[in-house]
Amino acid sequence: SGFTPGKNYTFSLRAFDEAGNMGIMSNSPSVKSGIDTTPPANITDLTAEPGPDHGSIFLNWTAPGDDGMTGSVDHYLVKYSTMPIPNQVSFDFIERNLILTLPGSLGAGGVESHVIPNLPEGDLLYFSIIGVDTAGNSGAVSNNPTSYVRNDITAPGTVSDLIASLGTNHGE
């Protein structure tokens, strides 16, 4: 742990006895630290439902790990579209609808959730998410749930200070 991936490291050892006598330096083998090629696990349980405020959606999913289902992802990429997002090509194509990059906050198996604001009210949208680890490996595109974006359903306030009076001209 703590080694830079892909970098060569050389190790050697020198022994000391109880009297403080120093032995000869050992051989010095070199080793290249491993490169992380294991992507995060795929998110397969993404859900989407109208959020608490107009123009919002509530997303919920089980966190994958940095390497499969071990550790924590570095971040998530969340996208939406008015059309299905069935695969990586579709996910990559909809760059303009990148909602946000969320930091990975929980370890593998934790329940992540997020409210996405400022979406087009009343539209039926498809959502997808991928987890990305610190080495830049990404999981596959998640399942593709849909939800209508919450409309503004709050009625205007009641007018309580209306005043009527007679005008000075005929018909007023």
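A short tour of the structure in this document, coming up. Model, not experiment: these values are computed from the prediction. (Residues numbered from 1 in each chain as written. Predicted model: local features only at pLDDT ≥ 70, side-chain atom pairs only at ≥ 80, totals over all residues. Heavy atoms only, no water.)

Considering the packing of aromatic side chains
Under the criterion given, the structure shown has 2 aromatic pairs. Both rings, one in W61 and one in Y76, keep their centres 5.1 Å apart while their planes meet at 75°; by these two values the pair is edge-to-face. With W61 in strand 4 (residues 57-62) and Y76 in strand 5 (residues 75-81), this residue pair connects regions lying 15 residues apart in the sequence. A relative accessible area of 0% means that Y76 is categorised as buried. Here the aromatic rings of Y80 and F127 are separated by 6.3 Å at their centres, their planes lie at 40°, and the arrangement is tilted. Taken as a pair, Y80 in strand 5 and F127 in strand 8 (residues 124-132) lie far apart in primary sequence, 47 residues in all. (Phe/Tyr/Trp six-rings, centres within 6.5 Å; stacked < 30°, edge-to-face > 60°. Helix = DSSP H or I, 4+ residues; strand = E, 2+ residues; numbered from the N terminus. Buried < 20%, exposed > 50% of the residue type's maximum accessible area, 1.4 Å probe, protein only.)

Overview of the pairing of strand 3 (residues 47-50)
Sheet analysis places strand 3 next to strand 4, joined by 4 bridges and oriented antiparallel. From the neighbouring strand, E49 faces strand 4, where its bridge partner is F58. Hairpin connection of strand 3 to strand 4: 6 residues between the antiparallel strands, including G55 at a positive phi of 80°. (Pairing = 2+ DSSP bridges.)

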